[in-house]
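Each chain, letter by letter, is given below.
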Amino acid sequence: MIVETERLILRPFAESDRPANAAIFADPQVRRFSLGVLDRAAADARLEEAMRQVERQGFGVLAVEHRADRACIGMIGFTGFDAGLRGVIPSHPQLQLVWQLDRRYWGQGLAPEGAAALLPFAWDELHAPEVVAITARINLPSQRVMHKIGMTAAPADDFDHPRLPVGHELRPHVLYRIENPGAAAGTPPTPRSSPR
């Protein structure tokens, strides 16, 4: 699975992406709205799982390569939800869009460019009825990306993240969705889950 945009190449991760991927997961600024930074071993495990998912399913979380400098600058792709997380979201969605970029590339519109480029795959290849994205309620930058790619807030599906303690500022989460514009969407394959 390879998707190209004006400024990006979305492709399966390669072994050579390990250092860049680890540096992004170790950056507290990048991970400030997620479940924390990851050490090298955990970041490598995420990369390896992403590689296996794409090989097994034909889609998943992809490396983001910046055309101008050929650097791996993060990841964008589709994942599922583990049972515990899916169970606390009222509509029990199946397919979520996720992204994470090196902060040196923030503020250039790259996240919405890459995320929007993946939506046709969800509609045309996966026949997904919808795609959702979730984030902490206080994560306004990610919510702006969601708006830019046509997603709308779904307050009835807002939830408290089960892996965060009561009172934690990141526990309240919001969900945004975009529906398949096709009239007869089928049932998508169930993707593997990926923790945030």
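About the criteria used
Residues numbered from 1 in each chain as written. Predicted model: local features only at pLDDT ≥ 70, side-chain atom pairs only at ≥ 80, totals over all residues. Heavy atoms only, no water. Axes fitted to C-alpha atoms, helices over the stretch in contact; angles between N-to-C directions. Helix = DSSP H or I, 4+ residues; strand = E, 2+ residues; numbered from the N terminus. Parallel < 35°, antiparallel > 145°, perpendicular 65-115°, else oblique. Left-handed = near helix turned anticlockwise from the far one by under 90°. Contact = heavy atoms within 4.5 Å. Nonpolar A, V, L, I, M, F, W, Y, C, P; charged D, E, K, R; others polar. Core = buried A, V, L, I, M, F, W, Y, C linked by side-chain atoms within 4.5 Å. Buried < 20%, exposed > 50% of the residue type's maximum accessible area, 1.4 Å probe, protein only. Phe/Tyr/Trp six-rings, centres within 6.5 Å; stacked < 30°, edge-to-face > 60°. Salt bridge = Lys/Arg side-chain N within 4 Å of Asp/Glu carboxyl O.

## What to know about the packing of helix H1 (residues 18-25) against helix H2 (residues 40-57)
Relative to each other, H1 and H2 sit at 120°, their axes nearing to 9 Å. Judged on the interaxial angle alone, H2 and H1 are oblique. Note that H1 runs across H2; the crossing there is right-handed. Here Arg18, Pro19, Asn21, Ala22 and Phe25 of H1 come into contact with H2, specifically with Arg40, Ala43, Asp44, Arg46, Leu47 and Glu48. Across the contact of H1 with H2, the residue classes break down as five nonpolar, one polar and five charged.

## Remarks on the nonpolar core
Phe78, Leu97 and Val131 are the most contacted members of the largest nonpolar core, which totals 34 residues. Those elements giving two or more residues to this core turn out to be strand S2 (8-11), strand S3 (61-66), strand S4 (72-79), strand S5 (96-101), helix H4 (110-124), strand S6 (130-136), helix H5 (140-148) and strand S9 (172-179). Broken down by element, this core gets its largest block of residues, eight residues, from H4.

## Focus: the packing of aromatic side chains
Counted under the stated rule, the structure contains one aromatic pair. When the ring of Phe59 is compared with that of Phe121, the centres are 6.2 Å apart and the planes differ by 45°; the resulting orientation is tilted. Taken together, the residues Phe59 in the loop between H2 and S3 and Phe121 in helix H4 connect sequence positions 62 residues apart.

## Examining the environment of Ser16
For Ser16, the location among the structural elements is in the loop between S2 and H1. Judged by relative accessible area, which is 63%, Ser16 ranks as exposed. Separated by 56 residues in the primary sequence, Ser16 and Cys72 have C-alpha atoms spaced 9.1 Å apart.

## Quick look at the pattern of salt bridges
Throughout the structure, instances matching the rule amount to 17 salt bridges. Across the pair Asp102 and Arg104 runs a salt bridge, and its minimum N-O distance is 2.7 Å. Relative accessible area serves as the criterion here: at 11%, Asp102 is assigned to the buried category. You can call Arg104 exposed: its relative accessible area is 66%. The residue Asp157 makes a salt bridge to Arg177 at a minimum N-O spacing of 3.0 Å. Of the two residues, Asp157 sits in the loop between strand S7 (152-153) and strand S8 (159-160) while Arg177 sits in strand S9, which places them 20 residues apart along the sequence. Under the relative-accessibility criterion, Asp157 is labelled buried at 5%. One salt-bridge network, in which partners are shared between bridges, spans Glu15, Arg18, Arg40, Asp44 and Glu48.

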